[in-house]
Amino acid sequence: QVQLVESGGGLVQAGGSLRLSCAASGRTFSSYVMGWFRQAPGKEREFVAAIKWNGGTTNYADSVKGRFTISRDNAKNTVYLQMNSLKPEDTAVYYCAAGRYKGWISMTPPAYDYWGQGTQVTVSS
């Protein structure tokens, strides 16, 4: 049974940093893309960043480029999202997701098969 467990969310002031973790288990993810999405109240779930597990190719939403960094630790089966220079508009529930790599890194939720439970990130102004 595939499990994705996020951690690391919390309350931080604008300009601060947080690192989210996603511990993955239940299968081999070498042919998968691992993504981070977020959803603010009243808004649709949106793409944040993703990484191809095998090879490390990454993709970022324009809104987080230069501020967020996605990475993975193969030995720990864990994906990270380092978030720097946080802004109040980054406030959302952040979700980890996994989907099969099909030749490109998808930015749409339907391309991802497995989801974590989410972790709250709140950035105060």
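One can find the structure itself at the top, above this paragraph.
What counts, and at which threshold
Residues numbered from 1 in each chain as written. Predicted model: local features only at pLDDT ≥ 70, side-chain atom pairs only at ≥ 80, totals over all residues. Heavy atoms only, no water. Core = buried A, V, L, I, M, F, W, Y, C linked by side-chain atoms within 4.5 Å. Buried < 20%, exposed > 50% of the residue type's maximum accessible area, 1.4 Å probe, protein only. Helix = DSSP H or I, 4+ residues; strand = E, 2+ residues; numbered from the N terminus. Contact = heavy atoms within 4.5 Å. Pairing = 2+ DSSP bridges. Axes fitted to C-alpha atoms, helices over the stretch in contact; angles between N-to-C directions. Disulfide = S-S within 2.5 Å. Phe/Tyr/Trp six-rings, centres within 6.5 Å; stacked < 30°, edge-to-face > 60°.

Undergrad: In this structure, what is going on with the nonpolar core? I would like to understand it.
TA: A general trend in soluble globular proteins is that nonpolar side chains are found buried together. Formed by 38 residues in total, the largest nonpolar core has its most connected members in Phe 29, Met 34, Trp 36, Leu 81, Met 83 and Tyr 94. Of all the secondary-structure elements, those providing two or more residues to this core are β3 (18-25), β4 (32-39), β5 (46-52), β7 (68-73), β8 (78-83), β9 (92-100) and β11 (119-124). Excluding anything up to four places from it in sequence, Phe 29 contacts Val 2, Leu 4, Ala 24, Met 34, Trp 53, Asn 77 and Ala 98.

Undergrad: Even after reading the chapter, I still don't get the sheet that holds strand β1 (residues 3-7), so can you show me in this structure?
TA: Remark on secondary structure: sheet strands pair via backbone hydrogen bonds, oriented parallel or antiparallel. Reading across from one edge, β1-β3-β8-β7 is the order of the 4 strands in this open sheet, with antiparallel pairing throughout. Unpaired on one side and paired on the other, β1 and β7 mark the two borders of the sheet. Sheet twist, expressed as the mean angle between neighbouring strand axes with direction ignored, is 15°. As defined by bridge partners, β1 adjoins β3 across 5 bridges and the pair is classed as antiparallel. Bridging from a neighbouring strand, Gln 3 pairs with Ser 25 of β3.

Undergrad: What's the story with the state of the cysteines in this structure? I'm lost.
TA: Two cysteines form a disulfide when their sulfur atoms are joined by a covalent bond. This structure, assessed with the given rule, holds 1 disulfide. The disulfide partner of Cys 22 is Cys 96, and the gap between their sulfur atoms is 2.0 Å. Because the torsion about its S-S bond is -75°, the bridge between Cys 22 and Cys 96 counts as left-handed. On the criterion of sequence distance, the pair formed by Cys 22 in strand β3 and Cys 96 in strand β9 is long-range, its members being 74 residues apart. Assigned by exposure class, Cys 22 and Cys 96 land together as buried.

Undergrad: Hey, could you run me through the packing of aromatic side chains in this one?
TA: Centre-to-centre distance and the angle between the planes together describe a pair of aromatic rings. Overall, the coordinates contain 8 aromatic pairs when judged by the stated rule. Taking 6.5 Å as the distance between ring centres and 75° as the angle between the ring planes, the aromatic pair formed by Tyr 95 and Trp 115 counts as edge-to-face. Here the residue Tyr 95 occupies a position in strand β9, and Trp 115 occupies one in strand β10 (residues 114-115), the gap between them amounting to 20 residues. By relative accessible area, Trp 115 is classed as partly exposed at 28%. Cluster of aromatic residues (ring-pair linked, three or more members): Phe 37, Phe 47, Tyr 95, Tyr 112 and Trp 115.

Undergrad: Explain the environment of Trp 104 here, please?
TA: One can find Trp 104 in the loop between β9 and β10. Classification of Trp 104 as exposed rests on a relative accessible area of 54%. A C-alpha to C-alpha distance of 28 Å links Trp 104 and Leu 18, two positions 86 residues apart in sequence.

Remember that the coordinates give geometry; whether it matters functionally is a separate question.
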